[in-house]
Amino acid sequence: MKNPAPPAKIRPAQGGETLEALLAAMIRKSSEGGEILSESQILARAAEQGPGNPPEGTRPEIVRAVLNEIIRKNEDLHQLPGGEGGPSYYSSAFMTEAYARLLLRKQGDPLLLMAEIVRENSALYPRPVPLDLFTRPPFGRTPQEVLQDWARMGCREEYRDIVSTTTSTSRVFLYSTLHLEPDHASLLAEWLDVGQVDNP
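These notes cover the structure that comes with them. (Residues numbered from 1 in each chain as written. Predicted model: local features only at pLDDT ≥ 70, side-chain atom pairs only at ≥ 80, totals over all residues. Heavy atoms only, no water.)

### Brief notes about helix α4 (residues 97-106)
Turning to α4, its buried residues are Ala100, Leu102, Leu103 and Leu104. Buried residues belonging to α4 abut β2 (77-80), β3 (88-91) and α5 (110-124). (Buried < 20%, exposed > 50% of the residue type's maximum accessible area, 1.4 Å probe, protein only. Helix = DSSP H or I, 4+ residues; strand = E, 2+ residues; numbered from the N terminus. Contact = heavy atoms within 4.5 Å.)

Given below as structure tokens:
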């Protein structure tokens, strides 16, 4: 449950825009562009763009109070705890909570993120995931980086459950042996890569 701070008294900027409106627009614009905003990023941008000269309304404590207020007032604005630079913010008008959380996790160790995605897919759906998935948004790794990450995972004991299977088209899929048997994973990978295309 959110504990909103009392509303901060913010002087409108020359164009009449309050800090509350500025921050809400900032979060929405970032989400529309497929990104989440950390508190530290918001503080930096508010200091540059906020009302007042000097920007009296953009002191960190004021910005944090206003962030709490806009989260309380706007159903589409949300806070995610953790991550680099403090809590992160997003608008559900432009991205789902699951996608926002994925972006937050992306800020950490790429090997851990890869392992978590593979394990989740193996456990929940269940299905293996193509290795090239990690070259697509929101992961955005280059093919070379993905191959390097996969090679590094093979040398780490904590990722020994993450293994691969190759389909008849030579596409590599990853799965977790904690949740999928090798034969089942291979059948699923072949279906996802070939059978699904042949039988839409």
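### So, the nonpolar core
Within the largest apolar cluster, 18 residues are counted, with the highest numbers of intra-cluster contacts made by Leu19, Leu23, Ile27, Ile42, Val63, Leu67 and Ile70. When residues of this core are traced back to their parent elements, those giving at least two are α1 (19-32), α2 (39-49) and α3 (60-73). Discounting residues that sit within four places of it in the chain, Leu23 has contacts with Ile42, Ala46, Val63, Val66, Leu67 and Ile70. Formed by 16 residues, the second largest nonpolar core is a distinct cluster that contains Ile117, Val129, Phe139 and Ile162. (Core = buried A, V, L, I, M, F, W, Y, C linked by side-chain atoms within 4.5 Å.)

### A closer look at the packing of α1 against α2
Put simply, α1 and α2 touch, their axes get as near as 11 Å, and they point 130° apart. Taken together, the axes of α1 and α2 lie oblique to each other. The two elements α1 and α2 meet at a crossing, and its hand is right-handed. Contact with α1, carried on its side by Leu19, Leu22, Leu23, Met26 and Ile27, involves Ile42, Arg45, Ala46 and Gln49 of α2 and no other residues of that element. (Axes fitted to C-alpha atoms, helices over the stretch in contact; angles between N-to-C directions. Parallel < 35°, antiparallel > 145°, perpendicular 65-115°, else oblique. Left-handed = near helix turned anticlockwise from the far one by under 90°.)

### Description of the packing of aromatic side chains
Counted by the stated rule, this structure contains 1 aromatic pair. The residue whose ring lies beneath Arg127 is Tyr125, and the NZ or CZ to ring-centre distance is 4.0 Å. (Phe/Tyr/Trp six-rings, centres within 6.5 Å; stacked < 30°, edge-to-face > 60°. Lys NZ or Arg CZ within 6 Å of the ring centre and 35° of its normal.)

### Things to note about the pairing of β3
Side chains of β3 alternate between two faces, with Ser88 and Tyr90 and Tyr89 and Ser91 buried alike. Pairing of strand β1 (residues 37-38) with β3 involves 2 bridges; the strand directions are antiparallel. Pairing of Leu37 across the sheet is with Tyr89, part of β3. When β2 meets β3, the two strands line up antiparallel, connected through 4 bridges. (Pairing = 2+ DSSP bridges.)

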